[in-house]
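Each chain, written out:
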Amino acid sequence: MQNPWKAPDQSYLPDFIIIGGMKCGTTTLHHILNSHPKIYIPQSEIHFFDMDDEEEHPEFIFKNGNNIIRPNVEENPQAYWDWYKSYFEKANDNVKGEDTTGYFTSEKALKRISEQDKKIKLILSLRNPLSRTNSHYWHQVKAGRAKYSLIKTFKSNPDFLLKRSNYKKYIELLFKYFPKEQVHIVIFEEFLKEKERILKEILNFLELSFEDLPKEAIELHSNKAVMPRSVQLQLLKNRLAPVAGQWLYRKHFHPIKDKTPKKQLFDRLIHNTNTLINPLKESKTPKLDQESEAFLKNHFQKEFQGINDLIGKDLIGLWNI
């Protein structure tokens, strides 16, 4: 039986994928690389290879009355592969890239990418896990998924934020499916300090010239921090309508044909009302409080034992954990 997750035509598969990590500068990296005249990256995250990973993406499971609706490639492989292919129709002869940060922590995604005949290169960006976890929390607040304060979230549901910061276990998983020469790891803090050197290394990995990258692209910065006017009002909205943005994913997965249920419409009304009276404004992400910082340091000191040897770099020292 043919593997439905193997592309029927390998030619339109991306040449490289930015697989994560989430909140590690991947959006900025995406925009800089996409400024290269010989690179094409679709604007949005596609989530093709992890669309049915329910542990990673419970928001991709939709309810309509008593019906459960979810993306399912095995149901109609041709329709899903045609949908995936459509993202690269404008690539022409350029090197094709994809940017989906959920792939790093999804074994399903890594396995499926590794099973393609095409040797797809992977770019992984890592950031100080304390900073990443804090940034992730505020992202989840704005996305409608975090319902309580940071420390209360740690204590009640630690995996909600910590999972994507537990790099070591996922790097081990990554190297289970891919040889190290097929993976390029970027350290976010080094990228901020030495952009030209890091970008040269990335473009060399992709077998492209750094000299072709527009000089102004090097200074691009995306995802400037924004915060709701009232955090408490935002958290209240999240408790009332925790899946308010889920209708966006219904539209994203084109092969799914489904109407938004009435409950979703009610959530959307709450979401839109909150957006009107509690708008986002450009603001620095709040710093970790002392209790949260102590909690995280204790966690990562245990979690990251052996990570330096795994990637051949002193991350423990760099991140002071």
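The rules behind each value
Residues numbered from 1 in each chain as written. Predicted model: local features only at pLDDT ≥ 70, side-chain atom pairs only at ≥ 80, totals over all residues. Heavy atoms only, no water. Axes fitted to C-alpha atoms, helices over the stretch in contact; angles between N-to-C directions. Helix = DSSP H or I, 4+ residues; strand = E, 2+ residues; numbered from the N terminus. Contact = heavy atoms within 4.5 Å. Nonpolar A, V, L, I, M, F, W, Y, C, P; charged D, E, K, R; others polar. Buried < 20%, exposed > 50% of the residue type's maximum accessible area, 1.4 Å probe, protein only. Phe/Tyr/Trp six-rings, centres within 6.5 Å; stacked < 30°, edge-to-face > 60°.

1. Digging into the packing of helix 4 (residues 129-143) against helix 10 (residues 231-240)
For step 1, the next point in the chain: Where helix 4 contacts helix 10, the axes come no closer than 8 Å and their chain directions differ by 65°. Along its contact with helix 4, which presents Tyr137, Trp138, Gln140, Val141 and Lys142, the element helix 10 presents Val231, Gln234, Leu235 and Asn238.
For step 2, the next point in the chain: Tallied by class, the residues present in the contact of helix 4 with helix 10 amount to five nonpolar, three polar and one charged.

2. Considering the environment of leucine 150
For step 1, the next point in the chain: Tracing the chain through its elements places leucine 150 in helix 5 (residues 150-156).
For step 2, the next point in the chain: For leucine 150, a relative accessible area of 8% translates into the label buried.
For step 3, the next point in the chain: Expressed as a C-alpha distance, the spacing of leucine 150 and aspartate 289, which sit 139 residues apart in the sequence, is 8.9 Å.

3. A closer look at the packing of aromatic side chains
For step 1, the next point in the chain: Tallying each qualifying case throughout the model produces 21 aromatic pairs.
For step 2, the next point in the chain: Here the aromatic rings of tryptophan 5 and phenylalanine 48 are separated by 5.6 Å at their centres, their planes lie at 65°, and the arrangement is edge-to-face. With tryptophan 5 in the segment before strand 1 (16-20) and phenylalanine 48 in the loop between strand 2 (39-40) and strand 3 (62-64), the pair connects residues that are 43 residues apart, well separated along the chain.
For step 3, the next point in the chain: With centroids separated by 4.4 Å and ring planes inclined at 25°, the aromatic side chains of phenylalanine 48 and tyrosine 84 adopt a geometry described as stacked. A residue pair is termed long-range when its members are at least 10 positions apart, and phenylalanine 48 in the loop between strand 2 and strand 3 and tyrosine 84 in helix 2 (residues 77-86) qualify at 36 residues.
For step 4, the next point in the chain: By relative accessible area, tyrosine 84 is classed as buried at 0%.
For step 5, the next point in the chain: One aromatic cluster in this structure is built from Trp5, Tyr12, Phe48, Phe49, Phe60, Trp81, Trp83, Tyr84, Tyr87, Phe88, Tyr103 and Phe253.

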